[in-house]
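So you can see what is in the structure, the chains are spelled out below.
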Amino acid sequence: MTEQKETTKPTKPLTLSATTARPNASGKNADATQVRQKFSHGRTRVVAVEVKKPVKRPATTGSTAAPPAPAPRPEPAAPPVPTGRTLKLGGGASSAPRPPLTARSDAGGRGSIVLKTLTEEQKEARARALVDANRDAEAARKRAAEEASRRAAEEATRRKAEEDHKRRLADEEARKKAEEDAKRKADALVQKRLDQAAVAQPQTPTARHGQEIEAGTSQPAAPAAQPPRRPPPPQSADSAIRRPPPMRPSPVNKRLPQPPGARREAPKRRSDKVDVGRAVEGENDFRSRSVAQQRRRLERERRREHAYDAPQQKVYREVTIPETITVQELASRMSERSADVVKTLMRMGVMATINQGIDPDTAELVVTEMGHRPKRVAEGDVETGLAEAVDAAEAMKSRPPVVTIMGHVDHGKTSLLDALRATDVAAHEAGGITQHIGAYQVTLPSGQKITFLDTPGHEAFTAMRARGAKVTDIVVLVVAADDGVMPQTKEAIAHAKAAGVPIIIAINKIDKAGADPNRVRTELLQDEIQVEQLGGDVQSIEVSAIKKTNLDKLEEAILLQAEVLELTANPDRPADGVVVEAQLDPGRGSVATVLVQRGTLKVGDVLVAGAVWGRVRRLVDDRGAAVQAAEPAFPVEILGLDGTPQAGDEFHVVESEARAREIADFRARRDRQAQLAKAAGGRGTLEEMLKGIREGTAKELPVVIKADVQGSAEALAGAISRLSTEKVAARVVYSGVGGISEADLTLAKASGALIIGFNVRANPQAREIAKRDKIDIRYYSIIYKVTEDIQQLMVGLLEPTYKENFLGNAQIREVFRITKVGNVAGCMITEGMVRRGAKVRLLRDNVVIHEGTLKTLRRFKDEVREVQHGFECGMAFENYDDIKVGDVIECFDIEEVRPTL
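Residues numbered from 1 in each chain as written. Predicted model: local features only at pLDDT ≥ 70, side-chain atom pairs only at ≥ 80, totals over all residues. Heavy atoms only, no water.

Enquirer: Tell me about unusual backbone geometry, and name the residues and values.
Expert: A positive phi angle, near 55°, is found at Lys 548, a position not held by glycine. Examined against the element boundaries, Lys 548 turns out to sit in the loop between strand S16 (539-542) and helix H13 (551-565). Phi is positive for Asp 845, which is not a glycine, with a value near 60°. Secondary-structure assignment places Asp 845 in the loop between strand S34 (839-844) and strand S35 (847-859). Judged by relative accessible area, Asp 845 falls into the exposed class, the value being 72%. (Helix = DSSP H or I, 4+ residues; strand = E, 2+ residues; numbered from the N terminus. Buried < 20%, exposed > 50% of the residue type's maximum accessible area, 1.4 Å probe, protein only.)

See the structure below:
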């Protein structure tokens, strides 16, 4: 057996590898193999293993054998593998350790190690040992790598901390050094200036020494160890005069101690202008306070001293007390502290915080208690003086008449106005009917002007017609010659009489077949309208808007009536009038159509209309042209309002924006309080309806209305509200002008309402929200379509009712038991008829014991559809067999009744 020297290599797991067999010393190939043993720490050893046969073992002679090579010294055994297991190189499964390998000497003196052949169990054990050793070695390697990484990280952190500490120390030293250098330079510069001042003004040594003592810069006593100074050499008088004064000791190192509270003397103020030399040397950087600054400081101190000496006089004010005021606002008006006002109230027995409101009587007592003068005013006083001015008679001038066209729907009001204006407005109205008030001014060939207001004729526009009658001077009542007097005609007559304005009857459509003007005049007598042809004082003109017949006569009648009325107005005053219509235009904002009644409205005027105010940015007439001013009886559109006013509101021109804002805020509060009061009062009137809604017997249809103009929104809200009944309530959640926005969708989703868009559309964002949240948006352009659809929706909310119709009775005479069918009743129809598929009841002693449907109805063996009175039949119930002789079968039918409002 030969051995190789152990070599040091990187750590590898323990393995066994076989090498090629070598020929032995005799030159013959023995049955042997070489096994390389690998130990931990990279050590290896090659062992020759020879397998010996048990029989016929060949013997070797000493004569033929070559002299054996000197056997190398056996190396010490390798340390065991740290796996906790004993490595088994041969033998069975015994757990005892194997004895150490020994060298065998042949007859020829050759030495080797003989190992036994490994069994399969041993090979498997060794393989498992190798796997365990590899795993343990890999775990140890990972632990070592982790430990090395941790140590490296700790070392890096420690080095970084040391570097940061060194850097901070270096920065601190540099900062201290810079501060010391700056301080040294400043002291040197101060000393230089003092020396220059001493040279410019020579002083005696005594005086100079006294000044140094006062300035705190004189030199302290020299120490005792200091050697004596050399006496100065003798000098002449001239040299003594030219000798500069002795240098003053530096204030940096030698300073006299200063008493506590003493201030350093500021450097003297420069007495001449700045030159280049001083600017370069930096002397201009140190400047003392100016004389003016010192004077101001002394004046402030003097005032401060006198302020503490003399008590401050309390100012008593006149305090305006409105109808409602908070404690904080009252304290602000008195210029008092809120805590003092609260204390005064507590002494009076009133407990209130600064944000709570108090009544005007209590506020007046508080003001009097604190020494001020109260002044009671009402909130409505802000409107004082708006429309109370009376115009002088000499300032009045003639103005055009304001004529309102009224009548029943589709009687030709707009067409007649188109003929007068030579335009085509009716063709542009949706459905051929007028949806809002139109204001126009017509100039006649004679130069005279007439202002026309075209009102809707539909029944939903009652409020708009009423507004038209209020602002008008003359009412032209249009009646179709073929229809006669209709309901809206009578309503228009009532509005005109209530407004106290004269009426002119225009009998239209006289060119149409079946026209009878005399019938119209006769029907008007029922409403106390007596025309001139029948002996009355009301003018009546037969006209045709299509063929433009007798239009000149109608204009003459209007001018004649206006001349009788003597219409005048003062144009030289601030304008006021009425809002005929208002809308929210996407491109122009809030637009209000107004009719000027007095004064002249100009661009730039500040006006308040209802609860909104604004400055007139632009005036547009009825033909779309911009104008600079609008005189009395002239209709214009106003741009520049901060909101959309209500149709019918009065507008007034005021002197300032502050007053307009104050009036608008007051009206907004008043309207809000009125709405809250109305809502609170409405609960009592609709108590039964709301109770029905809560109990489920009544339904509710919430609606959100968005229209193009304010008048249409108001008419829609009124028309929908009037559709409410005891069974279904139509509630208008919100009505406004403008397009449908995301806010409207949010409101509709919260209240579960239906959105109605009248001549408006939803923006893209609102459409996306409606599609996502499944909110119903319906668009309309004709008002009666809205009311029809709302009625259908209200009917759809009602639960259908069912009506029971009696068909007939049958008496059971016999009961038959049939297999797979059950009990079958043999009956006689005693009343009416019995129909297959109808509902039946089983009566026993006049008590209903079952209700269901018939499963079969037969006569003899045939299925029949119905059986009449007096015939026999066989009947069987669906899923019921408890029938007896003498029972009565009642047959009836259920009919669904469609609900109505």
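On we go from here.
Enquirer: Summarise the sheet that holds strand S15 (residues 503-508); cite the residues concerned and give the values.
Expert: Across the sheet, which stays open at both edges, the 6 strands sit in the order S12-S13-S11-S14-S15-S16 with mixed pairing between neighbours. Strand pairing shows two members of the sheet lacking a second neighbour, strand S12 (438-443) and S16, which therefore form its edges. When the angles between neighbouring strand axes are averaged without regard to direction, this sheet yields 25°. Sheet analysis places S15 next to S16, joined by 4 bridges and oriented parallel. Bridging across to S16, Ile 505 finds its partner in Ser 540. This element, helix H9 (residues 413-421), spans strand S11 (402-407), S12, strand S13 (449-454), strand S14 (474-480) and S15 of the sheet and lies at about 155° to S13. Helix H11 (residues 487-499) rests against S11, S14 and S15 of the sheet, and its axis sits at about 165° to S14. (Pairing = 2+ DSSP bridges. Axes fitted to C-alpha atoms, helices over the stretch in contact; angles between N-to-C directions. Contact = heavy atoms within 4.5 Å.)

Enquirer: So, the nonpolar core: which residues are in play, and what are the values?
Expert: Nonpolar side chains in soluble globular proteins tend to be buried together. Of all hydrophobic cores here, the largest spans 26 residues; its most connected members are Val 403, Leu 416, Phe 452, Val 476, Leu 554 and Ile 558. Listing elements by their share of this core, those giving two or more residues are S11, H9, S12, S13, S14, S15 and H13. Among the elements that make up this core, the one with the highest residue count is H13 (6 residues). Ignoring anything within four residues of it in the chain, the contact list for Ile 558 reads Pro 401, Val 403, Ile 450, Phe 452, Ile 474, Val 476 and Ile 504. (Core = buried A, V, L, I, M, F, W, Y, C linked by side-chain atoms within 4.5 Å.)

Enquirer: Report on the environment of Glu 714, specifying residues and quantitative values.
Expert: Residue placement: Glu 714 occurs in helix H16 (residues 710-721). Placed 21 residues apart in sequence, Glu 714 and Ser 735 show a C-alpha to C-alpha distance of 7.5 Å.

Enquirer: How would you explain the packing of aromatic side chains if you had to name every residue and give the values?
Expert: Counting across every chain of the model gives 1 aromatic pair. On the basis of an interplanar angle of 90° and a centroid distance of 6.4 Å, the ring pair of Phe 877 and Tyr 880 is categorised as edge-to-face. Pair check on accessibility: Phe 877 and Tyr 880 agree, each one buried. Positioned above the aromatic ring of Tyr 779, the side-chain terminus of Arg 761 is 4.5 Å from the ring centre. In this structure, Arg 841 packs its charged tip against the face of Phe 892, placed 3.9 Å from the ring centre. (Phe/Tyr/Trp six-rings, centres within 6.5 Å; stacked < 30°, edge-to-face > 60°. Lys NZ or Arg CZ within 6 Å of the ring centre and 35° of its normal.)

Enquirer: Which residues make up the sheet that holds strand S27 (residues 699-707), and what values go with them?
Expert: In space, the 4 strands of this open sheet follow the order S28-S27-S29-S30, with parallel pairing throughout. Whereas interior strands pair on both sides, the edge strands pair on one side only; in this sheet they are strand S28 (728-737) and strand S30 (777-780). Put simply, the sheet's adjacent strands are angled 25° from each other on average, direction ignored. Pairing of S27 with strand S29 (residues 754-758) involves 5 bridges; the strand directions are parallel. Following the sheet pairing, Ala 707 is matched in S29 by Phe 758. Across the face of the sheet, H16 comes into contact with S27, S28 and S29 while running at roughly 175° to S28.

Enquirer: Break down a nonpolar patch on the surface for me, citing the residues and quoting the values.
Expert: Together, Phe 816, Ile 818 and Val 821 make up a nonpolar patch on the protein surface, roughly 250 Å² of accessible area in all. Position of Val 821 among the secondary structure elements: in the loop between strand S31 (801-818) and strand S32 (822-832). (Patch = residues over 30% accessible without salt bridge, like charges linked within 9 Å, V, L, I, M, F, W, Y side chains within 5 Å. Areas by Shrake-Rupley, 256 points an atom, 1.4 Å probe, with all protein chains shown as cover. Salt bridge = Lys/Arg side-chain N within 4 Å of Asp/Glu carboxyl O.)

Enquirer: Which residues make up the state of the cysteines, and what values do they have?
Expert: Enumeration over the complete set of coordinates arrives at 0 disulfides. Here Cys 891 is not disulfide-linked; the sulfur of Cys 873 is the nearest cysteine sulfur, at 9.9 Å. Under the relative-accessibility criterion, Cys 891 is labelled buried at 0%. (Disulfide = S-S within 2.5 Å.)

Enquirer: How would you sum up a positive patch on the surface? Please name residues and give values.
Expert: Residues Arg 289, Arg 295, Arg 296, Arg 300 and Arg 304 make up a contiguous surface patch of positive charge. You can see Arg 300 is positioned in helix H5 (residues 291-309). Relative accessible area serves as the criterion here: at 41%, Arg 300 is assigned to the partly exposed category. (Lys, Arg positive; Asp, Glu negative; His and termini not counted. Charge placed at Lys NZ, Arg CZ, Asp CG, Glu CD.)

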